[in-house]
Amino acid sequence: MNHLSPPLRRRRPFRTRHSTIGYSAARALSLPPPKEAPLSVLRDASVLITGCNSGLGHAMARHVLRAGARLIFTCRTHAKVSETADRLRMEFPRAWIEGYRVDLAELAGVDRCCHGLRRVGMPVDYLILNAGIHVPFSKCVTDDGFELHHQVNFLSAARMFLHLSERRRHPLRQVVYVSSDAHKMGHLPAIFPWSFWALYARSKLRATTFFHAARPLFPGTVISVISPRNVETPVHRHKHWLVRRLRDVSGGAQLAEDAAGELLEAAFSSGQPELYWNRGEIAAPSERCSDRDLRLAVWAEGTAGLPRMQPKIHVLENHAVTVSYLAPPVHSPSTDTEVAELVRRAMAKRGSVRVVGSRHSYNDCFYSPSTLISLEKLKEIGSIEESRDEAG
């Protein structure tokens, strides 16, 4: 008798009736494989969104929760935090949602929120700076002594980014600043009819310039600046009827849900998140954003009161002055001992060292956010050991 084991049978993969039909139909029609979900990068990540009680911020919160992210949000009052959390938890009962009260008109409040997140060890992978304010034809001063638009739309946003970007254990992967195309009018005088936008436009210009200038200084963080379309929010609904009429004539307003989806897709699914986006398309920001004096000024304003974030920053340019970046200072050691010390400091910070020459290149290959060293003061040959055929 021949005792042979029975042949092994390959088990077919389990499929439901519907999945089998869909699979067969796809093969029959030669359809391409399904594309990855637009916001799949946010799954299981922590996303902090400012200004979530209504409008664009609330719509973005719903989008990131659908994508499977953990949501941290801020509102201006405790009542709005509680109301927003209840609404979101009712719609997403299994989601991880945490709210904080932060009034961007108080710099101390921004500091408390960021220190609180660090104290409880709560990581922030993605930061969406959505909260802003627009008070037409009026000039208000905060308790900190700053003009209201300047502080809320620029200083507080920059401060929150700087606080969260210095967390070494949980560095930011990406920050998205919600700007406005009005920043291109930031240089116009505050006279009618431009006075309606003047203070708001100036604050957006300074913020847009700040985040563009910060890109090379934070190579580990993707920095996106996006200007959405006109969005139907409570802010727009409370504007003067003539302004709303002009907006409708110029193309109307987009629903907050649609605008949020378009903005998040540009930021996280476009493949080109570091470019400036305006109304869903890649565009160019104001030419003023490239002004060296403005970049130095906004960096000084944004880092004021944050000693750790106030290194000596200057503008590093190529020889033809066609490319320029904000950069750390260029060290000019005169001895090999000084060079060794600079290398040790860079290694202690897990950084790198880059030698900067005359910068005659026509592109930006001369730039690096690492420790920059110029060898112009270093002697070419210090000594010669003839017996060993070595130069030191």
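In this report, we go over the structure that sits alongside the text. (Residues numbered from 1 in each chain as written. Predicted model: local features only at pLDDT ≥ 70, side-chain atom pairs only at ≥ 80, totals over all residues. Heavy atoms only, no water.)

Here's the deal with the pairing of strand β4 (residues 126–129)
Point 1. Side chains Y126 and I128 project from β4 onto one buried face, and the interleaved L127 and L129 project onto a second face that is buried too.
Point 2. In this structure, strand β1 (residues 46–50) lies alongside β4, joined through 3 bridges in parallel fashion. Residue L48 lies in a different strand from β4, and its bridge partner there is L127.
Point 3. Direction of pairing for β4 relative to strand β5 (residues 174–178): parallel, over a ladder of 4 bridges. Directly across from I128, in β5, lies its bridge partner V176. (Buried < 20%, exposed > 50% of the residue type's maximum accessible area, 1.4 Å probe, protein only. Helix = DSSP H or I, 4+ residues; strand = E, 2+ residues; numbered from the N terminus. Pairing = 2+ DSSP bridges.)

A look at the state of the cysteines
Point 1. This structure, assessed with the given rule, holds 0 disulfides.
Point 2. Here C52 stays free of any disulfide, with the sulfur of C75 as its closest cysteine sulfur at 6.1 Å.
Point 3. What makes C52 buried here is its relative accessible area of 0%.
Point 4. Residue C114 stays outside any disulfide, its sulfur separated by 5.2 Å from that of C113, the closest cysteine.
Point 5. A relative accessible area of 5% means that C114 is categorised as buried. (Disulfide = S-S within 2.5 Å.)

Some words on the environment of G132
Point 1. The topology assignment puts G132 in the loop between β4 and α5 (148–165).
Point 2. With 47 residues separating them along the chain, G132 and S179 place their C-alpha atoms 9.1 Å apart.
Point 3. Other than its neighbours up to four places away in sequence, G132 contacts V152 and N153. (Contact = heavy atoms within 4.5 Å.)

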